[in-house]
Structures are given as structure tokens and as C-alpha cells.
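Architecture and fold: a report
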Amino acid sequence: MTAGDGALSTVDASDDVGVDGEAALAGLRRQAQHLIAELAGPVRRIRLRSGAAVLEVEWHPEDATRPDVPKPRAEAAPAAEPASGTPPAVRPPVPGRAAVRAPIVGTFYRAPEPGARPFVAVGDLVRPGQPVAIVEAMKLMNEVTADRAGRVAAILVEDGQPVEYDQPLVELDPA
């Protein structure tokens, strides 16, 4: 890709796609740009396929400072780094309230994949064993499940943030 193609940083297409493949790639490129413009949050990775043509778009953290990389529509104020050295939380847990905790050190995700609906939202009822998030560790997705029934009172960690073992992730009120 050329610099004029915007923030599309990776294209995976075989050399034998030919003229039809080039047209398919151009169409996929337009679809990706349209999709990115409609998304409410930042995009990390998109993969589109049309026949033999495959368009894969991925942004790396260092790309965030480039002017041609799309920014999220509404940027939240950055969370202050806690002095204790623990990963940042949306807010501290409320003492005495039940919390679903991280089973492993890794990266917290609210949804099973980018662009998918979150497992739970504030106000949702959960039952024991229900997935509420995932924590990625060493390229493995570890499901985080509720150990009790309750209503989600708060999500304590931002999506994509690192978490420590046993760190509170989701607070539950008794149901």
C-alpha cells in the first residue's frame, strides 16, 4: 500500500489475484474505510475477504500518533495511574461488594472479539458460571466467569488494559 491509502497498514493478498483481485481489493479498501468511519471506538484490526482478495488492516500502538490513523470519535480522559503500581482501574472497588476477579495476569477484554457486543454491561443480571469478560495471556483467551448470581454494578477496568492476578474486574450487587 502507499502512504496515500491512509491508515491501512497491512494488506495480505496473493500476487495471483489479477485484475479482478485488484478491483476486489479496491472495493474492500472502500468498505474498510466506510466501516472505520462508522465505528464509535478505536479500531485495532479488520480483515475483509472477497474471493481470493483479502484485506487485513491493523494498527499498532505507535500508529496512534500518526495523522492518517483514525482516532476514536469520543476520546475519554486518560485514567490517572495509581501510585501503587497496579494497572489503572476505571474506579476503585467498593468495599464489601462482590467482585469478579482476574484469574490470571493479562489483558482485559469486555467482548469475545473486536467489534462484538460486550459479555455484560452495567445493569445486566448474571448467573454463576456466566462469562463476563476474557483475559488474554500469551495469546490464549481465558474466560472470566461470575462465581455467583448478581446484577453488574460496575466494570472496574477499561477494555484492553493490563490486569493483575486477583484484581477486581466487575462488581456485582446481590440479585
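All values reported here derive from a predicted model rather than from experimental measurement. (Residues numbered from 1 in each chain as written. Predicted model: local features only at pLDDT ≥ 70, side-chain atom pairs only at ≥ 80, totals over all residues. Heavy atoms only, no water.)

Overview of the overall build of the protein
Scanning the protein from terminus to terminus reveals 1 helix and 10 strands. Moving toward the C terminus, one meets the helices and strands of the protein in the order α-β-β-β-β-β-β-β-β-β-β. A buried classification covers 31% of the 175 residues belonging to the protein. When contacts within the protein are restricted to residue pairs at least 6 apart in sequence, long-range pairs at least 24 apart make up 60% of them. Accessible area of the protein: about 10900 Å², with a carbon and sulfur share of 54%. (Helix = DSSP H or I, 4+ residues; strand = E, 2+ residues; numbered from the N terminus. Buried < 20%, exposed > 50% of the residue type's maximum accessible area, 1.4 Å probe, protein only. Contact = heavy atoms within 4.5 Å. Areas by Shrake-Rupley, 256 points an atom, 1.4 Å probe, with all protein chains shown as cover.)

Notes on the sheet that holds strand 8 (residues 150-155)
Strand order in the open sheet formed by 4 strands is 3-10-8-5, and the pairing between neighbours is antiparallel. Two strands in the sheet have a free side with no partner beyond their single neighbour: strand 3 (98-101) and strand 5 (125-126). Direction of pairing for strand 8 relative to strand 10 (residues 168-173): antiparallel, over a ladder of 4 bridges. Its bridge partner lying in strand 10, Ile 155 is registered against Val 170. (Pairing = 2+ DSSP bridges.)

Examining the confidence of the model for the protein
Detailed reading of the predicted model is not advised wherever pLDDT is low. Counting all residues, the mean pLDDT for the protein is 73, and 62% of those residues have values of 70 or more. Of all helices and strands in the protein, the one with the weakest mean pLDDT is strand 2 (residues 53-58) (70), whereas strand 4 (residues 106-109) scores best (96). Of the regions scoring below 50 in pLDDT, residues 72-89 engages in 22 contacts with residues more than four places distant in sequence or in other chains. (pLDDT = per-residue confidence, 0-100.)

Observations concerning the nonpolar core
Among the nonpolar cores identified, the biggest contains 20 residues, and Val 132, Leu 169, Val 170 and Leu 172 are the most heavily contacted of them. Listing elements by their share of this core, those giving two or more residues are strand 3, strand 6 (131-137), strand 8 and strand 10. Formed by 8 residues, the second largest nonpolar core is a distinct cluster that contains Ala 24, Ile 46, Leu 48 and Leu 55. (Core = buried A, V, L, I, M, F, W, Y, C linked by side-chain atoms within 4.5 Å.)

As for the side chain of Glu 136
Structurally, Glu 136 is set in strand 6. At a separation of 3.4 Å, a polar atom in the side chain of Glu 136 contacts the side chain of Tyr 109. The contacts of Glu 136, once residues within four sequence positions are left out, are Val 105, Gly 106, Thr 107, Tyr 109 and Met 141. (Polar contact = N/O pair within 3.5 Å; in protein donor to acceptor, adjacent residues only side chain to side chain.)

Re unusual backbone geometry
Leaving glycine aside, a negative phi is the common case for residues, and trans is the common case for peptide bonds. At Lys 139, a residue that is not glycine, the phi angle is positive and equals roughly 70°. Mapping Lys 139 onto the fold places it in the loop between strand 6 and strand 7 (140-145). Overall, Lys 139 belongs to the exposed group, its relative accessible area being 72%. Although it is not a glycine, Asp 166 sits at a positive phi angle of roughly 70°. In this structure, Asp 166 sits in the loop between strand 9 (162-163) and strand 10. The partly exposed category is assigned to Asp 166, whose relative accessible area is 39%.

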